[in-house]
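Fold and geometry: a report
What follows is the residue order along each chain.
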Amino acid sequence: MRTPMSAPMKILTAAAATGGALLLVLLTFEGWMRYGTDIFLSAVQSGIAWCF
């Protein structure tokens, strides 16, 4: 039988999930800022830059 989570545990779980998602977004943005030019130039060379 499963017991429901308490309210503080729900908030902690939601905060951890939100923090993890924010960290993933920040790392992706930082990677794009650092390597965006190289990514774009390699896309131009392979002919798929039209999607940008």
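Quick look at the structure, then.

Details of the overall build of the protein chain
When helices and strands are counted, the protein chain shows one helix and zero strands. Here the C-alpha atoms of the protein chain give a radius of gyration of 20 Å, more than 25% beyond the 10 Å that 2.2 N^0.38 yields for 52 residues. Out of the 52 residues belonging to the protein chain, those deemed buried represent 6%. Total accessible area on the protein chain stands at roughly 4900 Å², and carbon and sulfur atoms take up 73% of it.

A short note on helix H1 (residues 7-46)
The principal kink in H1, of about 70°, is found at Tyr35. Looking one or two residues beyond H1, the residue adopting positive phi is Gly47, at roughly 85°.

Quick look at the pattern of salt bridges
Enumeration over the complete set of coordinates arrives at one salt bridge. Arg34 is the salt-bridge partner of Glu30, the closest N and O atoms lying 3.0 Å from each other. Of the two residues, Glu30 and Arg34 both sit in helix H1, four residues apart, roughly one turn of that helix. For Glu30, a relative accessible area of 35% puts it in the partly exposed group. What makes Arg34 exposed here is its relative accessible area of 55%.

Definitions and cut-offs
Residues numbered from 1 in each chain as written. Predicted model: local features only at pLDDT ≥ 70, side-chain atom pairs only at ≥ 80, totals over all residues. Heavy atoms only, no water. Helix = DSSP H or I, 4+ residues; strand = E, 2+ residues; numbered from the N terminus. Rg over C-alpha atoms; globule rule 2.2 N^0.38 Å. Buried < 20%, exposed > 50% of the residue type's maximum accessible area, 1.4 Å probe, protein only. Areas by Shrake-Rupley, 256 points an atom, 1.4 Å probe, with all protein chains shown as cover. Bend = angle between axes of the 7 residues up to and from the residue. Salt bridge = Lys/Arg side-chain N within 4 Å of Asp/Glu carboxyl O.

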